[in-house]
Amino acid sequence: MLKLTRRRQDYAWGYLMVAPTVIGVLILNIYPLLKSCYLSFTQSTGFGHAHFIGLANYVRMMHDPDVWQALVNTLIYTAVSVVIGVFLSLVVAVLLNQHIRGRGIYRTIYFLPVVSAPAAVAMVWRWLYNADAGLFNSLLQSVGLPAVHWLTDPHTALFAIIIVGIWSMVGYNMVLLLAGLQEIPRSYYEAAEIDGAGPVRQFFSITLPMISPTLFFVVVTSIIGGLQVFDFIFMMIEPMNTAMEYTQSLVYLFYKQSFMMGDRSYGAAIVMLLLVITLVITAVQMKLQKKWVHYND
Amino acid sequence: MAEVRLEHIRKAYGDNVIVKDFDLTIRDKEFMVFVGPSGCGKSTTLRMIAGLEDITSGKLYIGDKLMNDVSPKDRDIAMVFQNYALYPHMTVYENMAFGLKMRHVPKDVIKRKVQEAAASLQLTELLDRKPKALSGGQRQRVAMGRAVVREPSVFLMDEPLSNLDAKLRGTMRTEISRLHQRLQTTMIYVTHDQTEAMTLGDRIVVLNDGVIQQVDTPMNLYRHPCNKFVAGFIGSPSMNFLPARIVGEEGEVYLEGDGFHANVSYDMAQKLVDVGAREVLLGVRPDDIHDAGVLLADKKEIAGQGNVEIVEQLGATTLLHMRLGTQQIVASMPGGQEYAVGQQVPLVFNIDNLHVFSTHDERNLML
């Protein structure tokens with residue numbers, strides 16, 4: 001009978017415990033990633049077959065104005081939604097960290113978008129944005145302003161989507177930041193108060209540095225989330241919408257190429273481009289965090 | 001430098017009264033210690049002086065100025081917190097300079113003051129470090145340094161040594177004493193540790209349940225506690241309390257209780273005669289209980305026989321946990337003596353240092 005030493009037994013148990021997660025990651029994350037990477041160097045020939053074509057998909061991508069426009073759309077969406085969204089999340093978190101009446105109710109209200117079904121949310125927003133019967137236009141017209149074609153005007157469509165994105169992200173980020181705020185010991189503020197720091201100074205000298213690890217996490221995950229935006233565009237912008245070109249993101253373009261046009265190889269190349277962009281932005285942030293993120297331990 | 005005057009200060013959260021009618025004048029340059037058990041209101045009182053808690057009623061003066069509604073930054077105070085509250089993202093230098101920076105002190109003055117304070121607290125080498133890279137004692141010194149550079153009129157310290165180990169606590173106690181001697185500033189120090197209170201304070205305020213029990217010098221509190229609470233709180237190990245009867249026989253007055261018969265001094269006898277009640281509480285400090293065998297005492301002087309249950313050898317002294325009659329007592333004997341569990345020790349009480357408390361309201365009947 002095979003006898004394991006105590007040490008080996010410990011290792012065996014350890015591997016057994018992490019096995020479900022590792023197997024899950026390998027099958028659901030790593031394998032599709034490698035498969036997509038491989039696909040991006042091939043051309044689909046139908047019936048699941050493909051042949052290797054080297055960098056042809058990437059060369060095609062470089063000359064495809066749709067890809068460039070989708071990249072610009074994605075970057076605008078990410079930059080605007082993260083800057084405004086994270087700022088609003090922080091403001092709401094700070095406000096809801098005060099001793100105000102009905103604090104629990106407000107926290108619930110802000111968190112509701114996170115637990116709402118995106119499809120239902122999109123439907124409601126579509127009604128709000130509706131050019132003829134929507135709430136926003138009714139309000140504009142009630143004060144004598146002209147109606148806006150929120151979701152079909154190329155100038156406003158992307159920003160209309162950004163607003164929904166911000167609305168849906170604030171609650172989740174607010175909860176994370178609130179947890180971070182509640183970790184800050186009261187005595188820091190008391191010491192600062194005695195030292196002569198007013199509320200604004202306290203925010204910048206204590207709250208912000210102390211919450212920076214949480215803020216960093218929120219910024220990184222929000223940027224990754226922003227770069228992957230798909231659902232609100234898919235549900236709110238019709239394929240034939242005139243504003244589609246100016247709203248579609250890289251993920252939406254990937255979806256269109258892979259599943260609507262049937263060119264999975266080209267779709268895979270678009271996903272690889274997004275992956276590289278995400279990795280570069282995240283790596284830069286990891287590098288820059290030394291300048292502004294303060295870890296206590 | 002300033003006198004701090006608290007006039008009938010009261011603090012309540014709804015119906016819950018934390019501090020009741022706190023009336024005290026802390027003299028200029030005095031080192032005043034607030035001592036008491038957890039929840040007695042000592043930290044709340046300090047925080048009211050700092051301006052971190054509102055005063056429910058009463059008046060607080062620092063110098064001649066009424067401070068009730070003055071914000072903490074304008075009270076000319078500095079505070080050392082229990083957890084030090086050093087800003088973790090700032091270096092030692094930045095931590096110490098922060099208060100001066102907020103007061104728009106010129107940079108070169110800040111630099112000079114921080115460096116002077118750092119030198120006096122042996123922090124010069126640590127100025128570029130962040131708090132997480134410091135030991136507990138070093139953090140404590142930075143917290144003090146941060147207060148020192150401000151040159152405030154009043155220093156407030158809220159249990160500043162309670163996070164340190166016993167040895168370091170001893171060292172830091174001496175440093176705080178030195179600091180007070182050097183700065184000659186009013187200091188108000190909160191602690192639950194009676195040793196800290198005794199060693200540091202010019203005067204001590206003993207608090208219980210939000211009420212001042214006694215304000216006096218350390219030795220007066222030790223020798224003349226005004227009630228059973230103060231007598232039990234001040235002194236380590238604590239005073240022994242034994243229910244006793246006052247007995248007067250053949251012109252002699254003595255105290256008698258379960259397992260003992262204590263002679264009293266002439267002065268005490270006079271006072272006991274005047275006490276109306278016959279049932280009292282005898283208070284004997286462990287240092288005032290002696291081994292009759294060692295003293296070669298007369299048989300008449302023996303108060304009772306203690307049955308040794310636990311022996312704690314501390315080196316210079318040996319603590320005997322004994323049973324006297326059916327009561328538990330502690331006696332502090334010279335370290336050289338050997339005792340064994342189960343040994344019967346004939347005990348003599350030091351009749352000059354006995355305390356007698358009322359069983360009714362626990363006040364010291366000998367004062």
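If you're wondering where the values come from, they're calculated on a predicted model, not measured in any experiment.

Draft legend 1. Spatial organisation of unusual backbone geometry. Residue and element names in this part refer to chain B. Along the chain, Ser 236 connects to Pro 237 via a cis peptide bond; the corresponding omega equals 0°. Along the chain, Pro 237 falls in the loop between helix H8 (228-233) and strand E11 (240-249). We note that Asp 21 has phi near 45°; this positive angle belongs to a residue other than glycine. The topology assignment puts Asp 21 in strand E2 (residues 16-26). Given the relative accessible area of 48%, Asp 21 is considered partly exposed. Backbone geometry places Lys 29, a non-glycine residue, at a positive phi of 70°. Along the chain, the position of Lys 29 falls in the loop between E2 and strand E3 (31-35).

Draft legend 2. Layout of empty space enclosed by the protein. Tallying each qualifying case throughout the model produces one cavity of 30 Å³ or more. Taken as a whole, the largest cavity encloses approximately 60 Å³ of empty space. Looking at the lining of the largest cavity, the elements with two or more residues in it are helix H8 (186-195) of chain A together with strand E6 (77-80) and helix H4 (136-149) of chain B. When residues in the lining of the largest cavity are grouped by element, the largest group, three residues, is from H8 of chain A. For the lining of the largest cavity, a count of residues per class yields six nonpolar, no polar and three charged.

Draft legend 3. View of the environment of Ala 147 of chain A. Residues and elements named next belong to chain A. Mapped onto the secondary structure, Ala 147 falls in the loop between helix H6 (135-142) and helix H7 (157-182). Distance in space between the C-alpha atoms of Ala 147 and Asn 137 is 5.2 Å, their sequence separation being 10 residues. The residues touching Ala 147, leaving out its near neighbours within four places in the chain, are Ala 131, Asn 137 and Gln 141.

Draft legend 4. Here's a closer look at the packing of aromatic side chains. Residues and elements named next belong to chain A. For the structure on display, the rule yields 25 aromatic pairs over all chains. Where Tyr 129 meets Trp 150, the ring centres are 5.9 Å apart and the plane angle is 45°; that geometry is what we call tilted. Placement of the pair is Tyr 129 in helix H5 (residues 118-129) and Trp 150 in the loop between H6 and H7, with a sequence separation of 21 residues. With 5.3 Å between their ring centres and 80° between their planes, Phe 234 and Tyr 255 make a pair best called edge-to-face. With a gap of 21 residues between them, Phe 234 in helix H10 (residues 231-236) and Tyr 255 in helix H11 (residues 250-260) connect regions that are remote in the sequence. Judged by its relative accessible area of 40%, Phe 234 falls in the partly exposed class.

Draft legend 5. Structural detail: the pairing of strand E4 (residues 57-62) of chain B. Residues and elements named next belong to chain B. Note: strand E1 (residues 4-13) against E4, five bridges, orientation antiparallel. Bridge pairing in E4 links Glu 7 to Lys 59. The pairing of E4 with strand E5 (residues 65-66) spans two bridges and is antiparallel. Bridge pairing in E5 links Tyr 61 to Leu 66.

Draft legend 6. The sheet that holds E2 of chain B, seen in detail. Residues and elements named next belong to chain B. An order of E2-E1-E4-E5 is seen for the four strands of this open sheet, with the pairing classed as antiparallel. Looking at which strands have only one partner, the edges of the open sheet turn out to be E2 and E5. As defined by bridge partners, E1 adjoins E2 across seven bridges and the pair is classed as antiparallel. For Tyr 13, the partnering residue across the bridge sits in E2 and is Asn 16. Contacts from helix H1 (residues 42-50) reach E1, E2 and E4 within the one sheet, and its direction differs from that of E1 by about 115°.

Draft legend 7. Representation of the environment of Tyr 11 of chain A. For Tyr 11 of chain A, the location among the structural elements is in helix H1 (residues 6-39). Expressed as a C-alpha distance, the spacing of Tyr 11 of chain A and Val 170 of chain A, which sit 159 residues apart in the sequence, is 43 Å.

Draft legend 8. Spotlight on the layout of surface pockets. Residues and elements named next belong to chain A. Roughly 570 Å³ of internal volume is contained in the largest pocket. What lines the largest pocket is a set of 15 residues, and nearest its centre among them are Asn 97, Gln 98, Arg 186, Tyr 189 and Gln 202. Breaking the lining of the largest pocket down by element, the ones donating at least two residues are H7, H8 and helix H9 (199-227). When residues of the lining of the largest pocket are assigned to their parent elements, the largest contribution, five residues, is made by H9. Looking at the lining of the largest pocket, its residues break down into eight nonpolar, six polar and one charged. Considering only enclosed or pocket space, the second largest pocket measures out at about 490 Å³ in volume. In terms of lining residues, the second largest pocket is bounded by 21 residues, among which Gly 165, Ser 168, Met 169, Gly 225 and Phe 232 are the most central. Contributing elements (two or more residues each) for the lining of the second largest pocket: helix H3 (65-96), helix H4 (103-115), H5, H7, H9 and H10. Considering only residue class, the lining of the second largest pocket consists of 10 nonpolar, 10 polar and one charged.

Criteria and cut-off values
- Residues numbered from 1 in each chain as written.
- Chains lettered and ligands numbered in written order.
- Predicted model: local features only at pLDDT ≥ 70, side-chain atom pairs only at ≥ 80, totals over all residues.
- Heavy atoms only, no water.
- Helix = DSSP H or I, 4+ residues; strand = E, 2+ residues; numbered from the N terminus.
- Buried < 20%, exposed > 50% of the residue type's maximum accessible area, 1.4 Å probe, protein only.
- 1 Å grid on protein atoms, 1.4 Å probe; cavity = no way out; pocket = protein on both sides within 12 Å on 5 of 7 lines; lining within 4 Å.
- Points joined across faces, edges and corners; volume = space filled by probe spheres on them.
- Nonpolar A, V, L, I, M, F, W, Y, C, P; charged D, E, K, R; others polar.
- Contact = heavy atoms within 4.5 Å.
- Phe/Tyr/Trp six-rings, centres within 6.5 Å; stacked < 30°, edge-to-face > 60°.
- Pairing = 2+ DSSP bridges.
- Axes fitted to C-alpha atoms, helices over the stretch in contact; angles between N-to-C directions.

The values are spatial; any link to function lies outside them.
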